[in-house]
Amino acid sequence: MTERMEFGMRPPAGGPAEPPQPAEPAFEPLPPDARIDLAEDGAQVNEILDALDSDLVGLAPVKTRIREIAALLLVDRARARFGIDSGRPNLHMCFTGGPGTGKTTVAMRMAELLHRLGYVRKGHLVSVTRDDLVGQYVGHTAPKTKEVLKRAMGGVLFIDEAYYLYRAENERDYGQEAIEILLQVMENRRDDLVVVLAGYKDRMDSFFSSNPGMSSRIAHHIHFPDYTAEELEAIGRLMLERQGYALAPEAEPVFREYLRRRRTQPRFANARSVRNAIERARLRHAGRLVARGGLVGRQELMTLHPDDFLASRVFAEPAAQAG
Amino acid sequence: MRITQGTFSYLPDLTDEEIAAQISYALERGWPCSVEFTDDPHPRNSYWEMWGLPMFDLKDPAGVLQEINECRKAYPNHYIRLNAYDASYGRQTIALSFIVHRPPSEPGFRIDRQETSDRRVRVSLHPYATDRPEGERYGDS
């Protein structure tokens, strides 16, 4: 036996291992008179912020706050290089706003941003609702919540419709237990995860008023305003462009009018409604092409006509209820 | 006598940072981790008690390390090991397993020799710790 075959016979399961991370250089504070170029340090961060700017229409207050947070983390990093310890900033956040205003999308970007800034280690987003946190019987909630928290460690925990955690009408509701565990982790494990709560403004407000501890542990309350008509139109264009569609010139005023009417109707969900409108227009577009038969070219496959929107219920009668 | 078993058995005990680095290696490979403990250190005792269920879908070692620390708190006088399962073989396969905690004092093993027919000798290992009932084995020693 010339070679020992017992060892190393197993082929690597997941392909070759990733190259080891370069060891962190020994920490040595910069001299007090040194200068740091923040712009150089922030180049990769700016990349995300610019992507945020170009991908998301409107949301000015949100973007401002995110820029501020990014700047704070950059400055903190620069301060750390001088050996100034400022403690870890509290980055738990609460996103409030109407349906379809981009809360989840921004949370996803936030996770990536915090990862690039070195605030969280992995930068993944774990999106949960009440069902994932609250158990069905006594003693079921704590392990369930802890499980989710463990999964979110090193990343961002996004709790959608967080107000459902607390049911005021039932004082024996297990949601309270989940809230207590959350509070504890938000306070003690700030190094390990960032918690983002999201929900509609008024209901979040009443949630916080019945859980003052939660409110005080969240540093950033960010409100997502509803989109204006122009912003909705820009969002629609962006969506069409991404799906490889374009509006015929004569369809543009129709699309604008559609959005104007739809906004005033009940159950309007901002960007989500725009997406649904486009989905339905695609259906009608496809139906129209198939019904017509004959040859179609690239241009026809890409262009939405006024008819595709005019057939909508929104145009049927001004007072009609649209879904 | 210091008991050695599993991966890294001939290295000094790993620090928490080193354990975290091993966990993140396992997680990067897609191996879920689990924590087990026992106070019966016999080498053929492969069925240790589970500390909770194996942890799936984790991305970051902090969650596993938290469970290890909770287990250490609950069983300061037991052996605790970390297992990482490699599911890619389609069966339960331990890819990595090492001791992350041991009792403060380890009395070691005694060799029992039993003479049988034809002057043959059977040898068995007897951990001194198992002379005491389960749960009290390392506590007051």
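Since the model is a prediction, treat every value here as computed from it, not as a measurement. (Residues numbered from 1 in each chain as written. Chains lettered and ligands numbered in written order. Predicted model: local features only at pLDDT ≥ 70, side-chain atom pairs only at ≥ 80, totals over all residues.)

1. With respect to the overall build of chain B
The cut-off we apply is this: A helix here means a DSSP run of H or I that spans at least four residues, while a strand means a run of E at least two residues long, and both kinds are numbered starting from the N terminus. To sort residues by exposure, count the other C-beta atoms lying within 10 Å of each residue's C-beta; 20 or more gives buried, 12 or fewer gives exposed, and values between give partly exposed, all with C-beta atoms placed from the backbone. Note on contacts: each residue gets a C-beta atom placed from the backbone, and two residues are in contact if those atoms are within 7 Å.
In terms of regular secondary structure, chain B is built from 2 helices and 6 strands. Ordered by position from the N terminus, the helices and strands of chain B form the series α-β-β-α-β-β-β-β. Taken along its principal axes, the extent of the C-alpha atoms in chain B is 55 × 35 × 25 Å. Looking at the 141 residues of chain B, the share that counts as buried comes to 30%. The contacts in chain B between residues at least 6 apart in sequence include a share of 53% that link residues at least 24 apart.

2. Quick word on the nonpolar core
Let me state the cut-off plainly: Here, a nonpolar core denotes buried Ala, Val, Leu, Ile, Met, Phe, Trp, Tyr and Cys residues that are linked to one another through C-beta atoms within 7 Å.
Ranked by size, the top nonpolar core spans 72 residues in total, and within it L114, V156, L157 and V196 of chain A carry the most contacts. Counting residues in each nonpolar core, the second largest holds 17 residues, with L232, Y258, A281 and F309 of chain A among its members.

3. Quick notes on the environment of G293 of chain A
Residue and element names in this part refer to chain A. Considering the arrangement of structural elements, one finds G293 in the loop between α12 (270-292) and α13 (298-302). Judged by C-beta crowding, with 7 C-beta atoms within 10 Å, G293 ranks as exposed. Taking the C-alpha atoms as reference points, G293 and M204, 89 residues apart in sequence, are found 52 Å from one another.

4. A look at the confidence of the model for chain A
All names here are of chain A. For the record, the criterion: Per residue, pLDDT measures the predictor's confidence, with a range of 0 to 100.
On average, residues of chain A score 83 in pLDDT, and 89% of them reach the 70 mark or higher. Mean pLDDT across the elements of chain A ranges from a minimum in helix α1 (residues 38-41), with 71, to a maximum in strand β3 (residues 156-160), with 93. Contacts for the low-pLDDT stretch residues 1-19, under 50 throughout, to residues beyond four places or in other chains number 6 contacts. Below pLDDT 50 for its whole length, residues 319-323 participates in 6 contacts with residues either more than four positions away or in separate chains.

5. Quick look at the sheet that holds β3 of chain A
All names here are of chain A. The cut-off we apply is this: When DSSP finds two or more bridges between two strands, those strands count as paired. A fitted line through C-alpha atoms represents every axis, and for helices the fit uses only the stretch in contact; the resulting angles, taken between N-to-C directions, go from 0 to 180 degrees.
Spatially, β2-β3-β4-β1-β5 is the arrangement adopted by the 5 strands of the open sheet, whose pairing is parallel. Strand pairing shows two members of the sheet lacking a second neighbour, β2 (125-128) and β5 (220-224), which therefore form its edges. In this sheet, neighbouring strand axes are inclined to one another by 20° on average, regardless of whether the strands run parallel or antiparallel. Here strand β1 (residues 93-97) runs beside strand β4 (residues 194-199); their pairing, made up of 4 bridges, is parallel. Across the sheet, residue C94 finds its bridge partner in β4, namely L197. Seen against the sheet, helix α4 (residues 103-116) touches β1, β2, β3, β4 and β5 and runs at an angle of roughly 170° to β3.

6. A closer look at the environment of R65 of chain A
Residues and elements named next belong to chain A. With respect to the element layout, R65 can be found in helix α3 (residues 60-81). Sequence separation of R65 and T104 is 39 residues, and the distance between their C-alpha atoms is 16 Å. Setting aside residues up to four positions removed in sequence, R65 forms contacts with H220 and I222.

7. A short note on the environment of A219 of chain A
All names here are of chain A. Secondary-structure assignment places A219 in the loop between α9 (212-216) and β5. Residue class for A219 comes out exposed when judged on the 12 C-beta atoms lying within 10 Å of it. The spacing of A219 and A251 is 32 residues in sequence and 45 Å in space, taken between C-alpha atoms.

8. Details of helix α7 (residues 175-188) of chain A
All names here are of chain A. To be explicit about the condition: In a helix, the anticipated span is given by 1.5 Å times the number of residues less one.
For α7, built from 14 residues, the straight-helix expectation of 20 Å at 1.5 Å per residue is met to within 8% by its first-to-last C-alpha distance of 20 Å. Among the residues of α7, E177, A178, I179, L182, V185 and M186 are the ones counted as buried. In the core, the buried residues of α7 are packed alongside α5 (130-133), α6 (141-152), β4 and α9.

9. Some words on the interface of chain A and chain B
Spelled out, the test is: Note that Gly is not counted as nonpolar here; it falls among the polar residues with everything else outside the nonpolar set of Ala, Val, Leu, Ile, Met, Phe, Trp, Tyr, Cys and Pro and the charged set of Asp, Glu, Lys and Arg.
With 12 residues of chain A in contact, the opposing surface of chain B contributes 13 residues. Of the residues assigned to the side of chain A that touches chain B, the class counts are 2 nonpolar, 4 polar and 6 charged.

10. Some thoughts on the sheet that holds strand β3 (residues 79-85) of chain B
Residue and element names in this part refer to chain B. Read across the sheet, 4 strands follow the order β2-β1-β3-β4 without closing on themselves; strand pairing throughout is antiparallel. Bordering the open sheet on either side are β2 (49-55) and β4 (94-101), each of which pairs with just one other strand. Looking at each pair of strands side by side, their axes are set apart by 20° on average, direction ignored. As judged from the 4 bridges shared by strand β1 (residues 33-38) and β2, these two strands associate in the antiparallel manner. Each bridged residue has a counterpart across the sheet, and for C33 the counterpart in β2 is M55.

11. Regarding unusual backbone geometry
The phi torsion at E161 of chain A lies on the positive side, around 50°, for a residue other than glycine. Mapped onto the elements of the fold, E161 of chain A is located in the loop between β3 and α7. Even without being glycine, F8 of chain B reaches a positive phi, approximately 60°. As for its position among the elements, F8 of chain B is in the segment before α1 (16-28). Assessed through the 17 C-beta atoms surrounding it within 10 Å, F8 of chain B is described here as partly exposed.

12. Quick notes on α6 of chain A
Residue and element names in this part refer to chain A. Given a rise of 1.5 Å per residue, 12 residues ought to cover 16 Å, and the 17 Å separating the end C-alpha atoms of α6 matches this to within 8%. If you check which residues of α6 are buried, you get T141, K144, T145, L149, K150, R151 and A152. A positive backbone phi angle near 85° is found at G154, which sits one or two residues after α6.

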